Structures are given as C-alpha cells and as structure tokens.
Amino acid sequence: MSKEFLEAIKKRRSIYAISKESVLSDEQLERLIGEAVLHTPSAFNSQSARVVVLLKEQHDKLWDLTTETLRQVVPAENFGPTEEKMRSFRNGYGTVLYFEDQTVIEGLQEKFALYKDNFPVWSEQSSGMLQLVVWTALEAEGYGATLQHYNPLIDDAVRKEWNLPSTWKLIAQMPFGKPTAEPGEKQFQPLEERMKVFK
Ligand SMILES: Cc1cc2nc3c(=O)[nH]c(=O)nc-3n(C[C@H](O)[C@H](O)[C@H](O)COP(=O)(O)O)c2cc1C
C-alpha cells in the first residue's frame, strides 16, 4: 500500500497538454474530489476548505473569463503567449477552484486568540495539502493537471459568475484533462542537501 501511495506521489507532475476526452464519469470525479475534501486535515479540524468543481462549459467559462480579465492588464503586444496559455488550460475537461472560508479562520482567531497569527498560515497550508491530494488523485485516475494562480485578479469575476460567498477566498485553480503529451524531464537537487537524519 505505501509503495502504491509513493508511486502515485512520484507520478504526479504538472501536465500542461490536456484535452476534453473523458476519463471518469462526472459522478466518479465528484466522488473523488469530495473524498479529498473530506479527508484532508485542517488545523483544529476547522475544515475551512471550500472547492468549486467546474466541468465542461463551466470550465470553458472560467478560462474565457480569465482570458478577458488578463486582456485588461497585459499589454496587447505581449498578449499572444498569455492567450495561448489560457487556450491550453481551456483545452481541458474541468477545473478545481480552491477557496478558504475566511469566516472559519476569523472564528478561530476569536476563539483561540493565542494562535491568532497562525490561523491564516495554517489555512493556506491545509489548502496546499488538499491541492496535493486532489492533484495526485486526478493523476492516478489518468488525468493531467497543473496548479495555477490567477487570483486575486479573477476573484471578483469568479465570485459573481458562480454566485459564491464573499468570505470564500480564492487560493488556486487546477485545470485538468486527459494528457496529450508527457511532462518534461524534472531536475532534482541532491537529497542529502535537503534532508538530515539523526539516529
Ligand atoms: C505552491 C505552488 C505554487 C505553484 N504555482 C504555479 C503556478 O502558478 N503556475 C504553474 O504553472 N505552476 C505552478 N506550480 C507548479 C510548479 O511549478 C511545479 O509543481 C514544479 O515545477 C515541479 O514540477 P512538477 O509539478 O511537474 O513535479 C506551483 C506549485 C506549487 C507547489
């Protein structure tokens, strides 16, 4: 079991070349992401993570909206590569949007004043854990995914389009789809420079 787990962790890569070809049913996808949301840990079991799963046309809408938002801020003469990148994400089947509910964090800060400064940090850490769980789970099922950060530029447009609570803070976007190309080679720093063991 632990070998399978580590293999899945190793196999997870940033896959930018993705298509709309289906891998799982929408119900299976929903269950997979739901399990990750339920079982990823959070500080004080606060469960501050919120996710929005956008599939098919809803996914397309996100990347159209992101393209138009970026068009407002990227100089026209440099927009080509940005538009190309947006198209590559739009080529996928779906996107997972990761949020953290700020009411949960503020509630904890009031209740446990001693840890006040830690709760926003722990919230981001917990979101990162969830992102890794979903990313790895998607790739284990045959999808390719990447982690993107067009927040805070797109926050208002996203909140308006999907009618989301203003207290949900957008943390990351994870477009995914069936891979159409292998990821590039990855460089690793020597492990002995990064890990010490004392025994
Ligand atoms: C916290 C965090 C933020 C990242 N942000 C981005 C991002 O905004 N855009 C992107 O394309 N990749 C992003 N990445 C992906 C990394 O660049 C990538 O994971 C790293 O280069 C290792 O490659 P691999 O994912 O193929 O193993 C992010 C990864 C992490 C962990």
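Look above for the structure.
Remember, it's a predicted structure, so these values are computed and weren't measured experimentally. (Residues numbered from 1 in each chain as written. Predicted model: local features only at pLDDT ≥ 70, side-chain atom pairs only at ≥ 80, totals over all residues. Heavy atoms only, no water.)

Q: Sorry, what's going on with the packing of helix H3 (residues 57-73) against helix H4 (residues 79-90) here?
A: If you want to describe how two helices pack, look at the angle between their axes and the distance between the axes. At a minimum axis distance of 9 Å, the contact between H3 and H4 shows a crossing angle of 170°. Classified by the angle between their axes, H3 and H4 sit roughly antiparallel to one another. Every residue of H4 that contacts H3 at His59, Asp60, Trp63, Asp64, Thr66, Thr67, Leu70 and Arg71 is listed here: Phe79, Thr82, Glu83, Met86, Phe89 and Arg90. Its residues assigned to classes, the contact of H3 with H4 shows 5 nonpolar, 4 polar and 5 charged. (Axes fitted to C-alpha atoms, helices over the stretch in contact; angles between N-to-C directions. Helix = DSSP H or I, 4+ residues; strand = E, 2+ residues; numbered from the N terminus. Parallel < 35°, antiparallel > 145°, perpendicular 65-115°, else oblique. Contact = heavy atoms within 4.5 Å. Nonpolar A, V, L, I, M, F, W, Y, C, P; charged D, E, K, R; others polar.)

Q: Any chance you could explain the site of the ligand here in plain terms?
A: All residues adjacent to the ligand are Arg12, Arg13, Ser14, Tyr16, Trp135, Leu147, Gln148, His149 and Lys186. Within the side chain of glutamine 148, an N or O atom sits 3.1 Å from an oxygen atom of the ligand. In the environment of the ligand, an oxygen atom lies 2.9 Å from a nitrogen or oxygen atom belonging to the side chain of histidine 149. Bound to the protein, the ligand loses 53% of the 620 Å² it would expose on its own. (Near = heavy atom within 4 Å. Polar contact = N/O pair within 3.5 Å; in protein donor to acceptor, adjacent residues only side chain to side chain. Areas by Shrake-Rupley, 256 points an atom, 1.4 Å probe, with all protein chains shown as cover.)

Q: Whenever I open this one, helix H5 (residues 102-111) confuses me. Can you help?
A: Among the residues of H5, Ile105, Leu108 and Gln109 are the ones counted as buried. On an axial view of H5, the arc spanned by its buried residues comes to 100°, and they lie on one face. Opposite the buried face of H5, by more than 90 degrees, sit the exposed residues Glu110 and Lys111. Elements in contact with the buried residues of H5: strand S3 (94-101) and helix H6 (118-140). (Buried < 20%, exposed > 50% of the residue type's maximum accessible area, 1.4 Å probe, protein only. Arc of directions from axis to C-beta.)

Q: In this structure, what is going on with the packing of H5 against H6? I would like to understand it.
A: One way to put it is that H5 packs onto H6 with a least axis distance of 9 Å and a crossing angle of 140°. Here H5 lies oblique to H6, going by the angle between them. Read as a crossing pair, H5 and H6 show a hand that is right-handed. Residues Ile105, Leu108 and Gln109 of H5 lie in contact with H6, whose contacting residues are Phe119, Pro120 and Ser123. Partitioned by chemical class, the residues of the contact of H5 with H6 number 4 nonpolar, 2 polar and no charged. (Left-handed = near helix turned anticlockwise from the far one by under 90°.)

Q: So what exactly am I meant to see when it comes to the packing of aromatic side chains here?
A: Two aromatic rings, taken as a pair, are described by how far apart their centres are and by the angle between their planes. Under the defined criterion, the tally for this structure stands at 13 aromatic pairs. Seen from their ring centres, phenylalanine 44 and tyrosine 115 are 5.7 Å apart, and the 70° between their planes marks the pair as edge-to-face. A residue pair is termed long-range when its members are at least 10 positions apart, and phenylalanine 44 in the loop between helix H2 (26-39) and strand S2 (49-55) and tyrosine 115 in the loop between H5 and H6 qualify at 71 residues. Aromatic rings pair up to connect Phe44, Phe112, Tyr115, Phe119 and Trp122 into one cluster. Lying across the ring of tryptophan 135, arginine 12 places its NZ or CZ 4.3 Å from the centre. (Phe/Tyr/Trp six-rings, centres within 6.5 Å; stacked < 30°, edge-to-face > 60°. Lys NZ or Arg CZ within 6 Å of the ring centre and 35° of its normal.)

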